[in-house]
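One-letter residues, chain by chain:
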Amino acid sequence: MRRIFYLVIGLLTAGGLGLLIQRLTWGLAVTRLTSAVPWGLWIAIYIYFVGLSAGSFLLSTLIYVFGLKQLERVGRLSLLAAIVSLFGAMLFVLIDLGHPERALQMIFSWHVTSVMAWEFLFYIAYIFLMVAELWYLMRDDLYRASQTEGGIRGTLARVLTFGYRQPADAAAAAATDQKAHSIVKVLGILGLPLAIGVHGGTGAIFGVVAARPYWNSGLFPILFIVSALASGAALITFLFALLGRRDGEYLSILQRLAGLMILFISLDALLLSAEFLVHLYRGMESHSAQYQLLFGRYALLFWGGEVGFGMVLPTLIVAFRRNSAAWLGGAGLSMLLGIVAVRFNIVVPAYWEPMLKGLDRAVTDPRFSFLYTPGVLEAGLTIGMIAMMVLAFALAVEALPFYELAPGQSKAGVKSGIKVTAGL
Amino acid sequence: MKAGTIGVALAAVLGPTLAEGAPAPVKGAPAAPPPLPRLGVAEEDTIVRMQRDLERALKKPVDQRRWVMVIDLRMCTGCTACLNACRAENVLPPGVVYRVVLEEEQGAYPNVRRFFLPRPCMQCEKPACTQVCPVSATYKRPDGIVAIDYEKCIGCRYCVTACPYGARSFDFGEYFTTNVAGQNQPQPYETRPSFEYGQARGRKPLQSPIGNARKCTFCLHRLNQGMLPACITTCIGRASFFGDANDPASLVAELLGQAGLWRLKEEAGTGPQVYYLR
């Protein structure tokens, strides 16, 4: 199972890297983007990953800041998922730039009135904070691994301890442990506004665009946060169902996570319907993005993806199959797929409505088309880069001390998914 | 500077009565009937007048100029000469258009009319595009033109998204003449340098302006050489006017006092510097 997983993911990653070379050689001409629909699939996946990251991180603060002890075993997993997701987000925004080689202009030529410029600062601070927090959570385990393990894992642990040594005597060890915990708590507290800024701010990138009535709402950044929480809970539910040690706590942890997921889905549904109802009663016109979502070009993606996979299916599963870990993991997966539709539906339909009447007919040039469907290369590169993120995540889980997930002597219950052999 | 005979003839048709004491433009007021054409060969071509206005404006420091365009929709025939002159002048590739001519049909047969609206960049007073740029690559110049620093622009396309007039486009690095009749190399006229911003830039793969946001600059590079924008000089109906609004003697300053003056999406609060007359 494990071999098949690595084979598939490895092949997808290799394919993705091949397409990445195409992308870097030919520029954005490889996409189906146009001057009328300048943001497409890659921007949608970028906000997807930012949402996963913020959601997973906020879930980890429930544990380390608000002391939700029952979920402690998913704490590090959430943090790692948050870190990898944010790197994924940065990767997708990078490949979407017309001049990726100039990305650091964001620092050297920073612009105070641009939400995007602020976001970039947020992302950097946020990555450092998350990595620091994970390190403090792991340093004792890393130290132990550096003493006991050989091979790659041992070497990696020795490098990553950065010279940290766990005191030999128990009292001193307890003291350093105490200190690490309080540092983690401080970082978690600082991370709260940061994570909210990271994703709420990403929502604000869209929300402030007065020219796009679909985005231009004060509710937009808040919708982003809530859907981020839902997607983060879904990701961790799915990952823990797949990787968690099958012991007495396994199912109860999953049930708690799934419960949180449903709570966030409900809040998300509330905000979404609030937005749409206001538009419906205002008498929405057929060329508005909302109309296209509810009844038009994006209706299948909206009702099937966003509502079906993202809301109804996970809720039904959690309601009626709550005693099956596999079903709960499936609910998480369904939600993860649904959120892809949510993100796509945030970005692309906003371009449906021409800025001026007749603008869609003024230029007969495919690069001015108002209809955008991702091209094969765009979709392929997306799958390849996501595979690369999954690969990075899997390798990190294997190489770093994630003992709380280790199967150890647990009962074999690994029917579906990969068995991570972190403890072997 | 001498007026061409065609120009004189057209000016005879055009010749809007720039009467002193014309009523101030009132937003939402019904459009005034077109003024009676003033016949007579004494009238000079508006292009000649604008050329003199331009020469006067260039003698002033740059921050005392305020470039403005006025487009008289009653005179526009929808020929798209302006659009094509712009494409040629700025060597625009597929996907990049600085000036479009919007068309709309009004009424039903036999009471039908086609309505044309040329849309260059509005060079807004408060541009939505410049404030969202994460790297300060696009900015408002002291003379009012919204410019892009091609070397700074990272190609994120936030400005393309934010412009309420759809006046920005993205350069995908493509050509009209590749993959045509077995031809893989673009025709030389597509790769010749463009002189935007006074910099001669050829088209080389992945190099600016490819991968950048692009927009109308009121032909800044031509202005600096004492030439009117390409769309102005090619307008067969003499419907497009250009000049320095800070100069009370200029043609555009006179036109700004006409009745029936309006701006696109006034409610957006962007303060466009392109005015329409109808």
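The model shown is predicted, which means the values in this text are computed figures rather than measured ones.

**Overview of the overall build of chain A**
Here comes step 1: Counting its regular elements, chain A contains 14 helices and zero strands.
Here comes step 2: Tracing chain A from N to C terminus, the helices and strands come up as α-α-α-α-α-α-α-α-α-α-α-α-α-α.
Here comes step 3: Seen through its principal axes, chain A has C-alpha atoms that stretch 75 × 50 × 40 Å.
Here comes step 4: Counting every position in chain A, which comprises 424 residues, the buried fraction comes to 57%.
Here comes step 5: For chain A, contacts bridging at least 24 residues in sequence account for 79% of all contacts bridging at least 6.
Here comes step 6: Only carbon and sulfur atoms are counted for the fraction: they give 70% of the accessible area of chain A, which is about 17800 Å².
Here comes step 7: Computing the positive centroid from 30 side-chain charges and the negative centroid from 22, chain A places the two 6 Å apart.

**Examining the environment of B:Arg52**
Here comes step 1: Along the chain, the position of B:Arg52 falls in helix α2 (residues 46–58).
Here comes step 2: Distance in space between the C-alpha atoms of B:Arg52 and B:Leu251 is 9.8 Å, their sequence separation being 199 residues.

**A look at helix α3 (residues 81–90) of chain B**
All names here are of chain B.
Here comes step 1: All buried positions along α3 are accounted for by Cys82, Leu83, Ala85, Cys86 and Asn90. The arc enclosing the buried residues of α3, seen along the axis, measures out at 165 degrees, which places them on a common side.
Here comes step 2: Turning to α3, the residues buried within the fold contact β2 (100–108), β7 (213–215), α7 (220–224) and α8 (230–233).
Here comes step 3: Looking one or two places after α3, you find Val91, whose phi comes out positive at around 50 degrees.

**Some remarks on the sheet that holds strand β8 (residues 240–244) of chain B**
Residue and element names in this part refer to chain B.
Here comes step 1: In space, the four strands of this open sheet follow the order β8-β1-β10-β9, with mixed pairing throughout. The sheet is open, and its two borders are formed by β8 and β9 (261–262), each paired with just one other strand.
Here comes step 2: The sheet contact formed by β9 and strand β10 (residues 274–277) spans two bridges and is antiparallel. Across the sheet, the residue bridging to Leu261 is Leu277, located in β10.
Here comes step 3: Sitting on the sheet, α2 touches β1 (67–72) and β8, and the angle it makes with β8 is about 20 degrees.

**Observations regarding the confidence of the model for chain A**
Here comes step 1: Taken over all residues, the pLDDT of chain A has a mean of 90, while the share at 70 or more is 95%.
Here comes step 2: Contacts from residues 407–424 of chain A, a stretch scored under 50 in pLDDT, to residues over four places away or in other chains number 29 contacts.

**Looking at the pattern of salt bridges**
Here comes step 1: With the rule as written, the count across this model stands at 29 salt bridges over all chains.
Here comes step 2: Across the salt bridge formed by A:Glu101 and A:Arg102, the nearest N and O atoms sit 3.9 Å from each other.
Here comes step 3: A:Glu101 gets classed as exposed once you look at its relative accessible area, which sits at 56%.
Here comes step 4: The class for A:Arg102 is buried, based on a relative accessible area of 11%.
Here comes step 5: Between B:Arg201 and B:Glu151 there is a salt bridge, with the nearest N and O atoms lying 2.9 Å from each other.

**Looking at the pairing of strand β3 (residues 111–119) of chain B**
Residues and elements named next belong to chain B.
Here comes step 1: Taken together, the nine bridges between β2 and β3 define a ladder with antiparallel strand orientation. Bridged to Glu103 within β3 is Phe116.
Here comes step 2: Between β2 and β3, which pair antiparallel one after the other, the connecting turn spans two residues.

**Quick word on the packing of helix α11 (residues 299–320) of chain A against helix α12 (residues 325–347) of chain A**
Residue and element names in this part refer to chain A.
Here comes step 1: Relative to each other, α11 and α12 sit at 155 degrees, their axes nearing to 8 Å. In terms of orientation, α11 lies roughly antiparallel with respect to α12. Crossing hand, α11 versus α12: left-handed. In contact with Leu301, Phe302, Gly305, Glu306, Phe309, Gly310, Leu313, Pro314, Ile317 and Val318 of α11, α12 contributes Trp327, Leu328, Gly330, Ala331, Ser334, Met335, Gly338, Ala341, Val342, Phe344 and Asn345.
Here comes step 2: Its residues placed into classes, the contact of α11 with α12 shows 14 nonpolar, six polar and one charged.

**Examining a nonpolar patch on the surface**
Residues and elements named next belong to chain A.
Here comes step 1: Together, Ile4, Leu7, Val8, Leu11, Leu12 and Ile383 line one region of the surface with nonpolar side chains, adding up to about 570 Å² of accessible area.
Here comes step 2: Here the nonpolar patch gets five residues from one element, more than from any other, and that element is helix α1 (residues 2–26).
Here comes step 3: Along the polypeptide, Leu11 turns up in helix α1.
Here comes step 4: Under the relative-accessibility criterion, Leu11 is labelled exposed at 58%.

Thresholds, definitions, all that
- Every chain is numbered independently, its residues counted from 1 as its sequence is written.
- Following the order in which they are written, the chains are lettered starting with A and the ligands numbered starting with 1.
- pLDDT decides what is reported in this predicted model: residues at 70 or higher carry local features, side-chain atom pairs at 80 or more are listed and counted, and totals for whole chains, interfaces and linings draw on all residues regardless.
- Derived side-chain values reflect all non-hydrogen atoms in the structure, with water molecules and hydrogen atoms excluded from consideration.
- Strands are runs of DSSP state E lasting at least 2 residues, helices are runs of H or I lasting at least 4, and numbering of each runs from the N terminus.
- For every residue, the accessible area (1.4 Å probe, protein chains only) is compared with the maximum for its type, and the residue is labelled buried under 20%, exposed over 50%, or partly exposed between those bounds.
- Any two residues whose heavy atoms approach within 4.5 Å at even a single point are treated as in contact.
- Working definition of accessibility: Shrake-Rupley area with a 1.4 Å probe, residue cover restricted to the visible protein chains.
- When charges are counted, Lys and Arg contribute as positive and Asp and Glu as negative, whereas His and the chain ends are disregarded.
- Where a charge lies is defined by one atom per residue type: Lys uses NZ, Arg uses CZ, Asp uses CG and Glu uses CD.
- The arc refers to the directions leading from the helix axis to the C-beta atoms.
- DSSP-based pairing: two strands are paired if at least 2 bridges between them are found.
- Interaxial angles span 0 to 180 degrees and are taken between N-to-C directions of axes, which are lines fitted to C-alpha atoms, for helices over the stretch in contact.
- On a range of 0 to 100, pLDDT expresses the predictor's confidence in each residue.
- Basic side-chain nitrogens of Lys or Arg form a salt bridge, by our definition, when they fall within 4 Å of a carboxyl oxygen of Asp or Glu.
- Every angle not falling under 35 degrees, over 145, or within 65 to 115 is termed oblique; those three ranges are roughly parallel, roughly antiparallel and roughly perpendicular.
- Here a crossing is taken to be left-handed if its near helix is turned anticlockwise relative to the far helix by less than a right angle, and right-handed if that turn runs clockwise.
- Lys, Arg, Asp and Glu make up the charged group, whereas Ala, Val, Leu, Ile, Met, Phe, Trp, Tyr, Cys and Pro make up the nonpolar group; the residues left over, Gly among them, are polar.
- Patches in this entry comprise residues that are over 30% relatively accessible and not in a salt bridge; like charges within 9 Å are linked, as are nonpolar side chains (Val, Leu, Ile, Met, Phe, Trp, Tyr) within 5 Å.

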